[in-house]
Amino acid sequence: MSEQPAFFVYTEYSTIHFIANRIMPSINIAVIDDDEITLELIVTILKSDLDVNVVSFSNSTLAREFLLKQTSDSLDMVISDMVMPGFDGLALLRDVRAAGLMFPFLFMTAYESRQTKLLAKQLGAVAYLVKPIIRKKLVNLVKQTISSH
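Predicted model, so just to flag it, every value in this text is computed and none were measured.

## Things to note about the overall build of the protein chain
Along its length, the protein chain carries six helices and five strands. Secondary structure elements of the protein chain, listed N to C terminal, follow the sequence α-β-α-β-α-β-α-β-α-β-α. In the protein chain, which comprises 149 residues, the share counted as buried stands at 44%. Across the protein chain, every contact between residues at least 6 apart in sequence was considered, and the portion connecting residues at least 24 apart equals 66%. Accessible surface computed for the protein chain: about 8100 Å², of which carbon and sulfur atoms make up 54%.

Given below as structure tokens:
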């Protein structure tokens with residue numbers, strides 16, 4: 001049997017694959033970014049520095065479908081880009097909150113805007129990171145968020 005990759009990009013098959021292979025550790029994080037290089041980097045950091053389960057999406061429409069099928073017990077955190085084709089990060093957060101799901105959202109963006117940052121906070125985002133992402137800051141924010149929720 002071949003060894004599992006350190007991460008995978010979500011496909012319809014991946015939902016079953018992800019759920020079937022969720023063994024310890026018990027922290028589950030979804031990462032969403034249309035830039036596949038950034039996506040791979042964030043996933044690698046999370047898995048190596050924090051030893052968490054990660055499901056990743058380069059397609060925000062598929063990410064939205066996945067998020068809306070979760071429960072507050074099945075997913076511990078979402079890390080999402082703000083600007084993406086399909087659904088932007090704020091739209092994802094709005095839809096998740098409208099469905100009654102309260103897992104924490106951490107946003108990353110290359111396009112910092114005071115208005116967007118304020119709106120993200122009003123909708124309940126726990127943090128707003130500006131790219132390029134600093135590894136130590138990301139790891140510390142995830143640790144802090146997971147321990148407080």
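## Comments concerning the nonpolar core
In terms of nonpolar packing, the biggest core is built from 22 residues, with Ala 30, Ile 32, Leu 67, Val 78, Phe 103, Phe 105 and Phe 107 touching the most fellow members. Going through the elements one at a time, strand E1 (28–32), strand E2 (53–57), helix H3 (60–68), helix H4 (89–98) and strand E4 (105–109) are the ones with two or more residues in this core. Of the residues forming this core, the biggest block, four residues, is contributed by H4. What Ala 30 contacts, discounting residues up to four positions off in sequence, is Val 55, Phe 57, Phe 66, Leu 67, Leu 75, Met 77, Val 78 and Ile 79. Ranked by size, the runner-up nonpolar core spans 21 residues in total, among them Ile 42, Leu 106, Ile 133 and Leu 141.

## Considering H3
What H3 keeps buried is the set Ser 60, Ala 63, Phe 66 and Leu 67. Looking straight down H3, one finds that the buried residues subtend no more than 115 degrees of arc, so they occupy a single side. One side-chain oxygen of the residue at the start of H3 lies 2.8 Å from the amide nitrogen of Thr 61, identifying that residue as Asn 59.

## Some details on helix H2 (residues 36–50)
Note that an α-helix has 3.6 residues per turn; residues three or four places apart therefore point the same way. In a regular helix each residue adds 1.5 Å, so 15 residues correspond to 21 Å; H2 covers 21 Å between its end C-alpha atoms and thus fits that length. All buried positions along H2 are accounted for by Thr 38, Leu 39, Ile 42, Val 43, Ile 45, Leu 46 and Leu 50. The arc that holds every buried residue of H2, seen down its axis, measures 160 degrees, which confines them to one face. Looking at the buried positions of H2, the neighbouring elements they touch are E1, E2, strand E3 (77–81), E4 and helix H6 (135–148). Immediately beyond the C-terminal end of H2, within one or two residues, lies Asp 51, with a positive phi of roughly 50 degrees.

## As for the sheet that holds strand E5 (residues 127–130)
Within a sheet, neighbouring strands are paired by backbone hydrogen bonds and run either parallel or antiparallel to one another. Taken in spatial order, the five strands make up an open sheet running E2-E1-E3-E4-E5, and their pairing is parallel. Two strands close off the open sheet at either side, each with one partner strand: E2 and E5. Taken pair by pair, the neighbouring strands of this sheet meet at an average axis angle of 15 degrees, ignoring direction. Bridge count for E3 against E4 is four bridges, and the pairing is parallel. For Val 78, the partnering residue across the bridge sits in E4 and is Phe 105. The strands touched by H6 within the sheet are E1, E3, E4 and E5, with E3 carrying the most contacts at an inclination of about 145 degrees.

## With respect to the side chain of Thr 38
Inspection of the secondary structure assignment puts Thr 38 in helix H2. Excluding residues within four positions of it along the chain, Thr 38 makes contact with Asp 33 and Lys 131.

Rules used throughout
- Residues numbered from 1 in each chain as written.
- Predicted model: local features only at pLDDT ≥ 70, side-chain atom pairs only at ≥ 80, totals over all residues.
- Heavy atoms only, no water.
- Helix = DSSP H or I, 4+ residues; strand = E, 2+ residues; numbered from the N terminus.
- Buried < 20%, exposed > 50% of the residue type's maximum accessible area, 1.4 Å probe, protein only.
- Contact = heavy atoms within 4.5 Å.
- Areas by Shrake-Rupley, 256 points an atom, 1.4 Å probe, with all protein chains shown as cover.
- Core = buried A, V, L, I, M, F, W, Y, C linked by side-chain atoms within 4.5 Å.
- Arc of directions from axis to C-beta.
- Polar contact = N/O pair within 3.5 Å; in protein donor to acceptor, adjacent residues only side chain to side chain.
- Expected span 1.5 Å × (residues − 1).
- Pairing = 2+ DSSP bridges.
- Axes fitted to C-alpha atoms, helices over the stretch in contact; angles between N-to-C directions.

These values are about where atoms sit, not about what they do.
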